[in-house]
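# Chain and residue survey
Spelled out, the chains give:
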Amino acid sequence: MTPGNADLHCHSTTSDGLMAPAALVERAKANGVDLLALTDHDEIGGLDEAKSAADALGLNFVTGVEISVSWGDDQTVHIVGLNFDHRHPDLVAGLERVRSGRDARAGLMAVELAKAGIDGAYEGALKYVGNPALISRSHFARYIVERGFAPDVKTVFDHWLAKGKPGYVSHSWAELQEAVGWIRAAGGIAVIAHPGRYRLTPAERRELYVAFKACGGQGIEVVSGSSNEAEIREFAGIAREFGFLASRASDFHGPGESWIDLGRMVQLPPDLQPVWANWS
Ligand code: AMP
Ligand code: MN
Ligand code: MN
Ligand code: MN
């Protein structure tokens, strides 16, 4: 497969995106995307709707998911899975388990936010949730903006929801090797999502690449919606050094709430092997 405009990372209302799967696919098509993956957080429930919409539009579509992984000393990293069998029992059961802790975590977040002066956050966040199993910090952020505590969701994260801030509650997600294992068991490719967004030292960053490769991880998002030129150079170098396949990813969540729109990223450096190289 040789797409001209692949976008292999975005979110629908099935997790913390703002658009329903079919509407998201239509927007991708209108933006000129010719290979799309929907990668909702810990959830594959939107894939059938997205695939039907993509088929109707003649847009190449592959299955996707973005799995939350606990790493090192209370860090969270995200592993994207691409082009797998979304009915595989290991993957289905693993994701179900990862999702299951979210509601209790949300309750604890609301308690902490109340202490910081923001009341009613659990019920408030729920108003923005499309899929109750997938209540996330993004939904809390939208409620906090609604309440007028901040002008936009990024500011909410900076003041309340990022690690170390009053509404942050640490949580145990999947292990790295579990997440990669489920993706591989289902026949997919595991990809390190937005490698520039983790607060890791250079040494910790390398440990992540080494561990990821050791448990069967194969790809890295060399171009992500939030990455700058220096990061693209850095992660292209990592792809060459570790022999990772390169992915291209907007991480679009919705109009006005994302770094970049669907399919509007720069192209991958041409010498890299893209994740789709062996897809038919
Ligand atoms: P959760 O899975 O509940 O921890 O929520 C993680 C989601 O919050 C990410 O996928 C992003 O959509 C969003 N997020 C995290 N950090 C930020 C940030 N600094 N600005 C805006 N959104 C963020
Ligand atoms: Mn998100
Ligand atoms: Mn992510
Ligand atoms: Mn994402």
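Here is a short report on the structure shown in this document. What you see is a predicted model; the values in this text were computed from it and never measured.

Moving on to the overall build of the protein chain. Each helix and strand counted, the protein chain has 10 helices and eight strands in total. Its C-alpha atoms give the protein chain a radius of gyration of 18 Å, near enough to 19 Å, the size a compact globule of 280 residues would have. Each principal axis of the C-alpha distribution contributes one length, and for the protein chain these read about 50 × 45 × 40 Å. Every one of the 280 residues in the protein chain was classed for burial, and the buried ones make up 56%. Residue pairs in contact within the protein chain that sit at least 24 positions apart in sequence constitute 72% of those at least 6 positions apart. Accessible surface, the protein chain: about 11,600 Å² in total, of which carbon and sulfur atoms supply 51%. One finds the centroid of the 26 positive side-chain charges in the protein chain at a distance of 3 Å from the centroid of its 36 negative side-chain charges.

A few words now on the coordination of the manganese ion (ligand 3). The expected angle between donors at a tetrahedral four-coordinate metal is 109.5 degrees. At an octahedral six-coordinate metal it is 90 or 180 degrees. For the manganese ion (ligand 3), the full set of protein donor atoms is E66 (OE), H78 (ND1) and H194 (NE2), and the range of their distances to it is 2.1 to 2.2 Å. Positions of the donor residues of the manganese ion (ligand 3) along the chain correspond to the pattern E-x11-H-x115-H. In this structure, the manganese ion (ligand 3) is positioned 5.5 Å from the manganese ion (ligand 2). In this pair, H78 sits in strand 5 (residues 75–82) while H194 sits in the loop between strand 6 (189–192) and helix 9 (202–214), placing the two residues 116 residues apart along the sequence.

What follows covers the side chain of S136. Looking at the secondary structure, you find S136 in the loop between helix 5 (121–126) and helix 6 (137–146). Look past the residues within four positions of S136 in its chain and what remains in contact with it is D16, R102 and R105.

Let us look at the site of ligand 1. Taken together, D16, H41, R102, R105, S136, R137, S138, K154, F157 and H253 make up the full set of residues adjacent to ligand 1. In this structure, H41 approaches ligand 1 through a side-chain N or O atom, which is 2.8 Å from an oxygen atom. Contact between ligand 1 and R102: an oxygen atom at 3.0 Å from a side-chain N or O atom of the residue. Protein contacts shield 82% of the accessible area of ligand 1, which totals 500 Å² for the unbound molecule. At the level of secondary structure, the elements contributing two or more residues to the shell around ligand 1 comprise helix 4 (102–115), helix 6 and helix 7 (153–161). Taken together, the residues that form the shell around ligand 1 break down as one nonpolar, four polar and five charged.

This next bit is on the sheet that holds strand 1 (residues 6–7). Strand order in the open sheet formed by three strands is 1-2-3, and the pairing between neighbours is parallel. Edge strands, defined here as strands with exactly one partner in the open sheet, are strand 1 and strand 3 (60–62). As paired elements, strand 1 and strand 2 (residues 35–37) share two bridges and run parallel to each other. Looking at the pairing, A6 lines up with L35 of strand 2.

Looking now at the coordination of the manganese ion (ligand 2). Those protein atoms acting as donors to the manganese ion (ligand 2) are D16 (OD), H41 (NE2) and H253 (NE2), and they sit at 2.1 to 2.2 Å. The sequence motif formed by the donor residues of the manganese ion (ligand 2) is D-x24-H-x211-H. On the basis of relative accessibility, which here comes to 8%, the residue H41 falls in the buried class. H253 gets classed as buried once you look at its relative accessible area, which sits at 11%.

The next point concerns unusual backbone geometry. A positive phi is found at D42, a non-glycine position, where the angle reads about 55°. Looking at the element boundaries, D42 is found in the loop between strand 2 and helix 2 (47–57). Judged by relative accessible area, D42 falls into the buried class, the value being 0%. Positioned with a positive phi, N83 is a non-glycine residue whose angle comes to about 60°. Considering the arrangement of structural elements, one finds N83 in the loop between strand 5 and helix 3 (89–100).

Taken in spatial order, the five strands make up an open sheet running 4-5-6-7-8, and their pairing is mixed. Both edges of this open sheet fall to strand 4 (64–71) and strand 8 (245–249), since each of them pairs with a single strand only. Neighbour-to-neighbour, the strand axes of this sheet turn through a mean angle of 40°, independent of strand direction. The pairing of strand 4 with strand 5 spans eight bridges and is classified as antiparallel.

The rules behind these values
- Residues numbered from 1 in each chain as written.
- Chains lettered and ligands numbered in written order.
- Predicted model: local features only at pLDDT ≥ 70, side-chain atom pairs only at ≥ 80, totals over all residues.
- Heavy atoms only, no water.
- Helix = DSSP H or I, 4+ residues; strand = E, 2+ residues; numbered from the N terminus.
- Rg over C-alpha atoms; globule rule 2.2 N^0.38 Å.
- Buried < 20%, exposed > 50% of the residue type's maximum accessible area, 1.4 Å probe, protein only.
- Contact = heavy atoms within 4.5 Å.
- Areas by Shrake-Rupley, 256 points an atom, 1.4 Å probe, with all protein chains shown as cover.
- Lys, Arg positive; Asp, Glu negative; His and termini not counted.
- Charge placed at Lys NZ, Arg CZ, Asp CG, Glu CD.
- Donors = N, O, S within 2.8 Å, 3.2 Å for Na, K, Ca; no water.
- Near = heavy atom within 4 Å.
- Polar contact = N/O pair within 3.5 Å; in protein donor to acceptor, adjacent residues only side chain to side chain.
- Nonpolar A, V, L, I, M, F, W, Y, C, P; charged D, E, K, R; others polar.
- Pairing = 2+ DSSP bridges.
- Axes fitted to C-alpha atoms, helices over the stretch in contact; angles between N-to-C directions.

All we've got here are geometric facts, nothing functional implied.
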